[in-house]
Structure formats: C-alpha cells, structure tokens
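If you want the building blocks of each chain, they are given just below.
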Amino acid sequence: MIRFILLQNRQGKTRLAKYYVPLEESEKHKVEYEVHRLVVNRDSKFTNFVEFRTHKVIYRRYAGLFFSLCVDITDNELAYLECIHLFVEILDHFFSNVCELDLVFNFHKVYLILDEFILAGELQETSKRAIIERMSELEKLQQ
C-alpha cells in the first residue's frame with residue numbers, strides 16, 4: 001500500500017503531497033523534510049529505494065523534481081518505480097511537456113490525474129490511454 005506521495009523540488013519545496021494514511025499536520029511537515037533530506041543527498045550510483053522508518057521510499061528524479069512514494073516494506077519496488085514513470089508520462093502528455101510551474105498553477109488537475117491513477121493507496125489504473133481518455137472527458141465537462 002502507498003502511504004504517501006510527494007513531489008518536491010531540489011530546494012525542498014513540496015509541490016504535491018497526497019497522504020493515504022492519517023497524519024497530524026506537524027508530522028506531515030516532518031516527514032516531508034526527512035524524505036527530502038533522504039533523497040536529495042543520495043548518490044546517483046545507489047538504487048532509488050531506501051528504507052524510511054518502518055517503510056520504504058521509492059523515488060525518481062525528473063529534471064528538478066523528486067517524485068517519492070512511501071510504501072510498505074514488502075511491496076515490489078520495481079512496480080512502484082514504473083508507477084512513478086507512468087505518472088510522469090501522463091503528466092507530460094496532459095500538459096504537453098510538463099514543468100514545475102504546470103504543477104504549481106494547475107495543482108487541481110494534477111490531483112485529479114493522481115486520483116484517476118491511485119485510489120486509497122492502491123494502484124487503480126495502469127493504462128495510460130484509459131487515464132488520458134478519462135481526463136479528456138472531464139476536461140470536456142468543465143468547458
């Protein structure tokens with residue numbers, strides 16, 4: 001199960017945070033700080049999986065953003081690494097070459113994409129085409 005998803009820039013500013021387990025606000029800030037310190041200082045020759053408290057953090061860096069997932073210790077790391085890549089591909093397709101500012105100014109759409117993709121901490125849909133079609137339908141309804 002996915003505990004939380006964080007998108008952070010190199011400076012540690014959280015651009016997206018979605019928690020699937022209840023945490024106090026102060027604990028959320030502490031977790032965001034710890035995860036950022038963990039992934040930003042990690043040498044690129046090491047794997048993208050690291051133990052974090054009693055869980056695992058799987059992360060991947062795209063340009064200036066770190067996409068981090070915290071999952072159960074027994075979950076498959078490679079599946080979640082692919083999950084991160086698929087999420088980035090969907091964002092890239094939806095925003096036509098996504099950048100950090102797209103995430104900042106269209107955060108509601110990013111959360112909508114994430115909700116189509118992951119439900120209650122579990123992968124709901126793995127088809128890029130299906131998610132993009134659903135997002136297109138939602139875009140038509142909003143116009």
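All figures in this text were calculated on a predicted structure; none of them were measured in a lab.

S.K.: Could you clarify how one ought to interpret the overall build of the chain in this entry?
M.R.: The helix and strand inventory of the chain stands at five helices and seven strands. For the chain, the N- to C-terminal ordering of α and β elements is β-β-α-β-β-β-α-α-α-β-β-α. For the chain, the spread of C-alpha atoms along the principal axes amounts to about 45 × 35 × 30 Å. Going through the 143 residues of the chain one by one, you find that 41% of them count as buried. Put simply, of all contacts in the chain between residues at least 6 apart along the chain, 46% involve residues at least 24 apart. By element, 51% of the accessible surface of the chain is carried by carbon and sulfur atoms, the whole surface being about 8200 Å². Here the chain carries 19 positive and 22 negative side-chain charges, and the mean point of each set is 5 Å from the other.

S.K.: Any chance you could explain the side chain of glutamate 116 here in plain terms?
M.R.: Relative to the helices and strands, glutamate 116 resides in helix α4 (residues 107-117). In this structure glutamate 116 comes out as buried when scored by relative accessible area, which is 16%. Those residues within four positions of glutamate 116 in sequence are excluded, and the remaining contacts are Gln124, Glu125, Ile131, Arg134, Met135 and Leu138.

S.K.: Even after reading the chapter, I still don't get the UniProt feature "domain: AP complex mu/sigma subunit" (unreviewed entry) in the chain, so can you show me in this structure?
M.R.: The feature "domain: AP complex mu/sigma subunit" (unreviewed entry), as given by UniProt, occupies residues 1-141 in the numbering adopted here. Along residues 1-141 one finds 47% helix and 27% strand; the C-alpha atoms at either end are 32 Å apart.

S.K.: Explain the pattern of salt bridges here, please?
M.R.: One side chain can pair with another of opposite charge once the charged atoms of both are near each other. Within this structure, the stated rule accounts for eleven salt bridges. Across the pair arginine 3 and aspartate 72 runs a salt bridge whose closest N-O atoms are separated by 2.8 Å. Separated by 69 residues along the polypeptide, arginine 3 in strand β1 (residues 2-9) and aspartate 72 in strand β5 (residues 65-72) bring together distant segments of the chain. Under the relative-accessibility criterion, arginine 3 is labelled partly exposed at 21%. By relative accessible area, aspartate 72 is classed as buried at 18%. A salt bridge links lysine 45 to aspartate 43; the shortest N-O distance between them is 3.9 Å. Take lysine 45: its relative accessible area is 67%, and that puts it in the exposed class. Take aspartate 43: its relative accessible area is 35%, and that puts it in the partly exposed class. Ionic contacts of the salt-bridge type, sharing partners, join the residues Glu27, Glu34 and Arg53 into one network.

S.K.: What am I meant to see in the sheet that holds β5 here?
M.R.: Pairing between the strands of a sheet is mediated by backbone hydrogen bonds and can be parallel or antiparallel. The strand order across the open sheet formed by five strands is β2-β1-β5-β4-β3, and the pairing between neighbours is antiparallel. Edge positions in the sheet fall to β2 (14-19) and β3 (49-52), since each has one partner strand and no second. Direction aside, the axes of adjacent strands within the sheet are offset by 20° on average. As judged from the seven bridges shared by β1 and β5, these two strands associate in the antiparallel manner. Bridge pairing links isoleucine 5 to leucine 69 in β5. On the sheet, helix α1 (residues 25-40) packs against β1, β2, β3, β4 (55-62) and β5 and is oriented at approximately 65° with respect to β1.

S.K.: Please clarify how the nonpolar core should be interpreted in this entry.
M.R.: It is characteristic of soluble globular proteins that their nonpolar side chains tend to be buried jointly. If you look at the biggest cluster of nonpolar residues, it comprises 29 residues, and the most contacted ones within it are Ile5, Phe67 and Phe87. Looking at this core, the elements with two or more residues in it are β1, β4, β5, α2 (77-95), α4 and α5 (128-142). In terms of residue count, α2 provides more of this core than any other element does, ten residues in total. The contacts of phenylalanine 67, once residues within four sequence positions are left out, are Leu6, Leu7, Ile58, Tyr59, Arg60, Tyr62, Ile84, Phe87, Val88 and Leu91. Counting twelve residues, the second-largest nonpolar core is a separate cluster that includes Tyr19, Val35, Phe52 and Phe66.

Criteria and cut-off values
- Per-chain numbering applies: the sequence of each chain, read as written, is numbered from 1 onward.
- Only residues with pLDDT of at least 70 get local features here, since the model is predicted, and only at 80 or more are side-chain atom pairs given and counted; chain-wide, interface and lining totals rely on the full set of residues.
- No hydrogens and no water enter the side-chain calculation; it runs on all heavy atoms of the structure.
- Under the DSSP-based scheme used, a helix requires at least four consecutive residues in state H or I and a strand at least two consecutive residues in state E, with every element numbered from the N terminus.
- Whether a residue is buried, partly exposed or exposed follows from its accessible area with a 1.4 Å probe, protein chains only, as a fraction of its type maximum: under 20%, in between, or over 50%, in that order.
- The contact definition used throughout considers only heavy atoms, calling two residues in contact when any of these lie within 4.5 Å.
- Only the protein chains shown count as cover for residues, with accessible areas throughout obtained via the Shrake-Rupley method and a probe of 1.4 Å.
- Counted as positive: Lys and Arg. Counted as negative: Asp and Glu. His and the chain ends are not counted at all.
- Each charge is placed at NZ for Lys, CZ for Arg, CG for Asp and CD for Glu.
- UniProt positions are given in the numbering used here, feature names are shortened, and annotations may be inferred rather than shown by experiment.
- A side-chain nitrogen of Lys or Arg and a carboxyl oxygen of Asp or Glu constitute a salt bridge if their distance falls within 4 Å.
- Strands are treated as partners if at least two bridges between them are detected by DSSP.
- Lines fitted to C-alpha atoms define the axes, with helix axes restricted to the stretch in contact, and inter-axis angles between N-to-C directions lie between 0 and 180 degrees.
- Take the buried Ala, Val, Leu, Ile, Met, Phe, Trp, Tyr and Cys residues and link them wherever side-chain atoms come within 4.5 Å; each set so joined is a nonpolar core.

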